[in-house]
Amino acid sequence: MTGPLPRDATLFVAGHRGLVGSAIVRHFAAQGFTNLLTRTRAELDLLDPHAVDAFFASERPQVVILAAAKVGGILANATYPADFLYQNLMIAANVIHAAHAHDVRKLLNLGSSCIYPKHAPQPMPESALLTGPLESTNRAYAIAKIAAIELCDAYRAQHGRSFISAMPTNLYGPGDNFDLETSHVLPALLRKAVEARDAGAPSITVWGSGTPRREFLYVDDLADACLFLLEHFDEPGPINVGTGVDVSIRELAEMVCDVIGYEGELAFDAGKPDGTPRKLMDVTRLTRAGWSATTDLRTGLARTAAWYREAPERGDVPSPSV
Ligand code: GFB
């Protein structure tokens, strides 16, 4: 099913308080959607199949965006593999099955670039899926995300469901997790640079060697891509969502320091893992379909830094480092 989504469609955003879900709610509301359905974790436990089924039975969503997930940076993934595997498998199984059981017209499942093999060709095309071993630091998370793609494709094949799977590259933006132990690299470096600047500290610590390369997509661009895909895309398998541009972690750290106005040194901590050497998405398919990202990294960084600066006033105080 493709074509314009009725702006009064009942659209369930699973995970609306997270980085991705909150951007989706902002963007879809701005695009005129009037029936956005959300539930907090206290209101609906997505790990509970009975609760999820009862929710779909009573609310009858017509469209679902699956943005709920247990997520984290390289260290959180490596430290809590059971949580990442179990929770993400359960969330995907419960939501995707309920969407089928209750006749949801379209479902968008969100995954991650870490589904591709550690040594996939760069940039990574969708066809690289399941062609080689995964990166060990996030294998549990990746396998749950691969299972979710397979679920969507299985319900499509067996029941003709219009369930699609988008794989965003590393995301960042307002609403990100700034906890230094569990966050991704970009919010961590941003916070470290702000705190070092304010304290007049001589250096900030950058994990690993600084040589791995990553691609960063501003989360509002992803929200825009989600609407585009819901309206224009209806095929099995993953579709990549990225910018097509990557930077080394050292280059990212330098750009963060520049945006923040921090002039100290970078101290590389070889005791921390590098993870995948490179993760650049091949976005040919999405570009051909008619969508591309518009926010460059420096602009997105400045917007995220501005959001972070105001966070304590809004009550969004980032959790303290452990
Ligand atoms: O963003 P990140 O935690 O996750 O780390 P991945 C990216 C790179 O930045 C790694 C380095 O090479 C880190 O060692 N890095 C440098 C830092 N300084 C820091 C820091 O202060 N904090 C963090 N977190 N990293 C995740 C996966 O992989 O990416 C998930 O674990 C998911 O499954 C997500 O796919 C998008 O890019 O390596």
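Residues numbered from 1 in each chain as written. Predicted model: local features only at pLDDT ≥ 70, side-chain atom pairs only at ≥ 80, totals over all residues. Heavy atoms only, no water.

**Overview of the sheet that holds strand 11 (residues 247-248)**
The sheet built from three strands is open, its strands ordered 11-8-13 with mixed pairing. Looking at the sheet topology across the chains shown, the edges are occupied by strand 11 and strand 13 (278-279). For strand 8 (residues 213-214) and strand 13, the ladder comprises two bridges, and the chain directions are parallel. Each bridged residue has a counterpart across the sheet, and for Arg213 the counterpart in strand 13 is Arg278. (Pairing = 2+ DSSP bridges. Helix = DSSP H or I, 4+ residues; strand = E, 2+ residues; numbered from the N terminus.)

**Some details on the side chain of Asp282**
Tracing the sequence through the fold places Asp282 in the loop between strand 13 and helix 9 (284-289). Despite its burial, Asp282 pairs with no opposite charge; the closest candidate is Arg288, at 7.8 Å N-O. At 2.4 Å, the side chain of Asp282 and the side chain of Thr284 are in polar contact. Ignoring any residue separated from it by four or fewer positions in sequence, one finds Asp282 in contact with Pro123, Met124, Pro125, Glu126 and Asn240. (Buried < 20%, exposed > 50% of the residue type's maximum accessible area, 1.4 Å probe, protein only. Lys, Arg positive; Asp, Glu negative; His and termini not counted. Salt bridge = Lys/Arg side-chain N within 4 Å of Asp/Glu carboxyl O. Polar contact = N/O pair within 3.5 Å; in protein donor to acceptor, adjacent residues only side chain to side chain. Contact = heavy atoms within 4.5 Å.)

**Examining the site of the ligand**
Around the ligand, the structure places 22 residues, and the nearest of them are Ile74, Lys192, Arg214, Pro273 and Asp274. One of the backbone nitrogen or oxygen atoms of Ile74 is found 2.8 Å away from an oxygen atom of the ligand. Between the ligand and Ser112, the relevant distance is 2.9 Å, taken from an oxygen atom to a side-chain nitrogen or oxygen of the residue. Those elements that provide at least two residues to the shell around the ligand are helix 3 (74-79), helix 6 (185-199) and strand 7 (203-207). In terms of residues, the shell around the ligand owes the most to one element, helix 6, which gives three residues. Each residue belonging to the shell around the ligand can be placed in one class, and the counts come to 10 nonpolar, eight polar and four charged. (Near = heavy atom within 4 Å. Nonpolar A, V, L, I, M, F, W, Y, C, P; charged D, E, K, R; others polar.)

**Some words on the nonpolar core**
Core analysis: the biggest nonpolar cluster contains 33 residues, and Ile24, Phe28, Leu110, Leu229 and Val241 have the highest contact counts within it. For this core, the elements supplying multiple residues, two or more each, are strand 1 (11-14), helix 1 (19-30), strand 3 (63-66), strand 4 (106-110), strand 5 (163-168), helix 7 (219-232) and strand 10 (238-241). Contacts of Ile24, omitting those with residues within four sequence positions, involve Val13, Ile65, Ala67, Leu110, Ala223 and Cys226. In this structure, Phe178, Leu190, Ile204 and Ile260 belong to the second largest nonpolar core, which totals 26 residues. (Core = buried A, V, L, I, M, F, W, Y, C linked by side-chain atoms within 4.5 Å.)

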